[in-house]
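A look at the structure
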Amino acid sequence: MSPFRLEVVTAEEELFAGDVDILIAPGREGQLAILPHHAPLLTQLGPGLLEIRTGGEAEELAVSGGFLEILGNRAVVLADAAERAEDIDIDRAEAAMKRAQERVASHDSDVDLERALAQVARARTRVAVARKRRRPERV
Ligand code: ATP
């Protein structure tokens, strides 16, 4: 099947632009698998793994949420934040997760619980995506 055009952007940068065979994206209600010539779509993404497959190669990114738009044979992921798996600082993500978990557990009335829970989810996704990539290959 012929590929489709994909762009992955945040407000700050473009993380990916190219022709791809399959996009796996973290939809709010579960994983979405996008193939070429998909019907038009505008949907919200949750935090999770974004996997881009092209000719047997796979690229993995962590996204913290955002939107996926498909129109024509072109898909755009507009992410709140996104990092390529190899660029994720695991120590930073683990520290952010710990801070956020402490905020959630604190029962402090000044804590914005929704925001703290979202930070836990972002950090957990970053750790999972980075670890998935760094897991040594089985021989
Ligand atoms: P932190 O408290 O560590 O900043 P956060 O979840 O609040 O974590 P965000 O606001 O989601 O961070 O992201 C701010 C910027 O930093 C974004 O550009 C994001 O891509 C980048 N970023 C956040 N965490 C990491 C990480 N662990 N590794 C690499 N880049 C990161």
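Everything in this summary refers to the structure shown in the same document. (Residues numbered from 1 in each chain as written. Predicted model: local features only at pLDDT ≥ 70, side-chain atom pairs only at ≥ 80, totals over all residues. Heavy atoms only, no water.)

Within the secondary structure, threonine 125 sits in helix α2 (residues 113–134). Separated by 3.0 Å, the side chain of threonine 125 and the backbone oxygen of alanine 121 make a polar contact. For threonine 125, the residues in contact, after removing those within four places along its chain, are Pro47, Gly48, Leu49, Ala62 and Val63. (Helix = DSSP H or I, 4+ residues; strand = E, 2+ residues; numbered from the N terminus. Polar contact = N/O pair within 3.5 Å; in protein donor to acceptor, adjacent residues only side chain to side chain. Contact = heavy atoms within 4.5 Å.)

Two quantities define a packed helix pair, namely the angle between the helix axes and the distance between the axes. α2 packs onto helix α1 (residues 90–105) with a crossing angle of 150 degrees between their chain directions and a minimal axis gap of 8 Å. Compared by their axis directions, α1 and α2 come out roughly antiparallel. The chirality of how α1 crosses α2 is left-handed. Residues Ile90, Ala93, Glu94, Ala96, Met97, Arg99, Ala100, Gln101, Arg103 and Val104 of α1 pack against Leu113, Ala116, Leu117, Gln119, Val120, Ala123, Arg124, Arg126, Val127, Ala130, Arg131 and Arg134 of α2. For the contact of α1 with α2, the class distribution of residues is 13 nonpolar, two polar and seven charged. (Axes fitted to C-alpha atoms, helices over the stretch in contact; angles between N-to-C directions. Parallel < 35°, antiparallel > 145°, perpendicular 65-115°, else oblique. Left-handed = near helix turned anticlockwise from the far one by under 90°. Nonpolar A, V, L, I, M, F, W, Y, C, P; charged D, E, K, R; others polar.)

Attention now moves to the side chain of glutamate 60. Tracing the sequence through the fold places glutamate 60 in strand β7 (residues 57–63). Judged by its relative accessible area of 15%, glutamate 60 falls in the buried class. Side-chain polar atoms of glutamate 60 contact the side chain of lysine 132, separated by 2.6 Å. Apart from the residues within four sequence positions on either side, glutamate 60 is in contact with Leu49, Leu50, Glu51, Arg84, Ala85 and Lys132. (Buried < 20%, exposed > 50% of the residue type's maximum accessible area, 1.4 Å probe, protein only.)

What follows is about the site of the ligand. Within the structure, the ligand sits among Ala82, Glu83, Asp87, Ile88, Asp89, Arg92, Ala93, Ala96, Arg99, Gln119, Arg122 and Arg126. Between the ligand and arginine 99, the relevant distance is 2.7 Å, taken from an oxygen atom to a side-chain nitrogen or oxygen of the residue. In this structure, arginine 122 approaches the ligand through a side-chain N or O atom, which is 2.8 Å from an oxygen atom. Protein contact buries 68% of the 600 Å² of open area that the ligand shows by itself. Looking at the shell around the ligand, the elements that each hand over two or more residues are β10 (82–84), α1 and α2. Considering only residue class, the shell around the ligand consists of four nonpolar, one polar and seven charged. (Near = heavy atom within 4 Å. Areas by Shrake-Rupley, 256 points an atom, 1.4 Å probe, with all protein chains shown as cover.)

This part takes up the nonpolar core. Considering soluble globular proteins, one finds that nonpolar side chains tend to be buried as a cluster. Residues Leu6, Val8, Leu23, Leu50, Ile52, Leu68 and Val77 are the most contacted members of the largest nonpolar core, which totals 20 residues. Contributing elements (two or more residues each) for this core: β1 (4–9), β2 (14–20), β3 (22–27), β6 (48–54), β7, β8 (66–71) and β9 (74–79). Residues contacting leucine 68, with those up to four places away along its chain left out, are Leu23, Leu32, Ile34, Leu41, Leu42, Thr43, Leu45, Ala75, Val76 and Val77. Membership of the second largest hydrophobic core comes to six residues, among which are Ala85, Ile90, Val129 and Ala130. (Core = buried A, V, L, I, M, F, W, Y, C linked by side-chain atoms within 4.5 Å.)

Counted at 1.5 Å a residue, the expected span for α2 with its 22 residues is 32 Å, and the 32 Å between its end C-alpha atoms agrees. Of the positions making up α2, those classed as buried are Ala116, Gln119, Val120, Ala123, Thr125, Val127, Val129 and Ala130. Elements in contact with the buried residues of α2: β6, β7 and α1. At the N-terminal end of α2, a side-chain oxygen is found 3.3 Å from the backbone nitrogen of glutamate 114, two or three residues along, and the residue is aspartate 112. (Expected span 1.5 Å × (residues − 1).)

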